[in-house]
Amino acid sequence: ETGVTQTPRHLVMGMTNKKSLKCEQHLGHNAMYWYKQSAKKPLELMFVYSLEERVENNSVPSRFSPECPNSSHLFLHLHTLQPEDSALYLCASSQATGVTEAFFGQGTRLTVV
Amino acid sequence: AQSVTQPDIHITVSEGASLELRCNYSYGATPYLFWYVQSPGQGLQLLLKYFSGDTLVQGIKGFEAEFKRSQSSFNLRKPSVHWSDAAEYFCAVGAKGGGADGLTFGKGTHLIIQP
C-alpha cells in the first residue's frame, strides 16, 4: 500500500457536475497539499494544509474547494469546472511545512467535457 | 523569488550509457534541492535531496546529484541507464522554512531510453 492514496485515478465530468477528489495519507504526516499538473507547465501548488488548517491558497478559482477534516484526509471539491481545468491533480504530504520532502500520490487524471 | 530551469525538455540516451540531466536554480540563500521522477500516469517519487553537507548526494535507483553553488546547478547523473529509467524528471528548489509549500518545480525533462 502506498503512503499517499488518491481516488479516483481517472474522472470525466461535465462542466455542470459536482465531484470530489479524495486523498489519504498513511504516513503520520501533518501537512498535505494539492498540486495541479498540466501539460507542458510546471507543477502548480494549489492548497496547503498544516494540522488541518489551510495555510496557503495560491489564488485558486473558487470552483475548487479544499477540505481537510483530519490530518490523514484531504478532499478537493469541484464544481462548474472549465475544460482548461483538465489536468492531473496530485496530492502530497510531508512531515511538516518546514522543508522536508513531499510524498506524492499517483494523481487523479481529470477531464472536463 | 526562487526559480528552477531544466534546459532540456527531452533527452534520449542509449541503454547502458551514462546520463546527466541539468538543473539550474535561482535563489538568494542556500537552497534545498530535490530531484523527483514521474513514470507515466503516476505521481512523483523522490530520488534524492540536498539540504547541506556533502555536495555529492546519493539517491535511490543508482542516481546521484552534485550541488555546485558557483554554477547554481544541481545536475542529476547515473553511470548506466536502464530501460526502466524512461520517465519524466523534475528538479525542485525549496526555501528554508518554506516547506513543501515553498517548493518550486522545473518544467521537467522527459528521458527516452533507446535499446
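*Asks:* Please explain the nonpolar core as it appears in this structure.
*Replies:* As a rule of thumb, nonpolar side chains are buried together in soluble globular proteins. B:Leu19, B:Trp35, B:Leu47, B:Leu48, B:Phe74, B:Leu76 and B:Tyr89 are the most contacted members of the largest nonpolar core, which totals 26 residues. Looking at this core, the elements with two or more residues in it are β2 (10-14), β3 (19-21), β5 (32-38), β6 (44-50), β8 (64-68), β9 (73-78), β10 (87-94) and β12 (109-114) of chain B. No other element matches β10(B), which puts 4 residues into this core. Among the nonpolar cores identified, the runner-up in size contains 22 residues, and A:Leu11, A:Cys23, A:Leu81 and A:Tyr89 belong to it.

*Asks:* What's the story with the packing of aromatic side chains in this structure? I'm lost.
*Replies:* The geometry of an aromatic ring pair is captured by the separation of the ring centres together with the interplanar angle, meaning the angle of the planes. Overall, the coordinates contain 14 aromatic pairs over all chains when judged by the stated rule. Measuring from centroid to centroid gives 5.4 Å for A:Tyr35 and A:Phe104, while their planes differ by 45°, and the two rings are tilted. Taken as a pair, A:Tyr35 in strand β4 (residues 31-37) and A:Phe104 in strand β10 (residues 103-104) lie far apart in primary sequence, 69 residues in all. Residue classification places A:Phe104 among the buried residues on the basis of a relative accessible area of 9%. An aromatic cluster of at least three residues, connected via ring pairs, comprises A:Tyr33, A:Tyr35, A:Phe104, B:Tyr32, B:Phe34, B:Tyr36, B:Phe51 and B:Phe105.

*Asks:* Got a minute to help me understand the confidence of the model for chain A in this structure?
*Replies:* As a general rule, the predicted coordinates of low-pLDDT regions are not to be interpreted in detail. Chain-level pLDDT for chain A is 90 on average; 96% of the residues reach the 70-or-more range. Taking the mean pLDDT of every element in chain A, the minimum, 78, falls on strand β6 (residues 53-57) of chain A and the maximum, 97, on strand β3 (residues 18-25) of chain A.

*Asks:* For this particular structure, what's the right way to read the environment of A:Ser65?
*Replies:* Residues and elements named next belong to chain A. With respect to the element layout, serine 65 can be found in strand β7 (residues 64-70). Spatially, the C-alpha atom of serine 65 lies 21 Å from that of proline 42, the residues being 23 residues apart in sequence. Setting aside anything within four residues of it in sequence, one finds serine 65 in contact with Phe75, Leu76 and His77.

*Asks:* Help me understand the interface of chain A and chain B, please; the structure alone is not making it clear to me.
*Replies:* You'll often see interface size given as the accessible area lost when the parts meet. Contacts between chain A and chain B engage 22 residues on the former and 23 residues on the latter. With both chains or domains summed, chain A and chain B bury close to 1,700 Å², and 58% of this area falls on carbon and sulfur atoms. Counting across the chain A and chain B interface gives 1 salt bridge. A salt bridge links B:Lys49 to A:Glu101; the shortest N-O distance between them is 3.1 Å. Scanning the region where chain A abuts chain B turns up 6 residue pairs in polar contact (both at pLDDT 80 or more). Residues belonging to the side of chain A that touches chain B are distributed by class as follows: 11 nonpolar, 7 polar and 4 charged.

About the cut-offs
Residues numbered from 1 in each chain as written. Chains lettered and ligands numbered in written order. Predicted model: local features only at pLDDT ≥ 70, side-chain atom pairs only at ≥ 80, totals over all residues. Heavy atoms only, no water. Core = buried A, V, L, I, M, F, W, Y, C linked by side-chain atoms within 4.5 Å. Buried < 20%, exposed > 50% of the residue type's maximum accessible area, 1.4 Å probe, protein only. Helix = DSSP H or I, 4+ residues; strand = E, 2+ residues; numbered from the N terminus. Phe/Tyr/Trp six-rings, centres within 6.5 Å; stacked < 30°, edge-to-face > 60°. pLDDT = per-residue confidence, 0-100. Contact = heavy atoms within 4.5 Å. Buried area = accessible area lost by both parts, 1.4 Å probe. Salt bridge = Lys/Arg side-chain N within 4 Å of Asp/Glu carboxyl O. Polar contact = N/O pair within 3.5 Å; in protein donor to acceptor, adjacent residues only side chain to side chain. Nonpolar A, V, L, I, M, F, W, Y, C, P; charged D, E, K, R; others polar.

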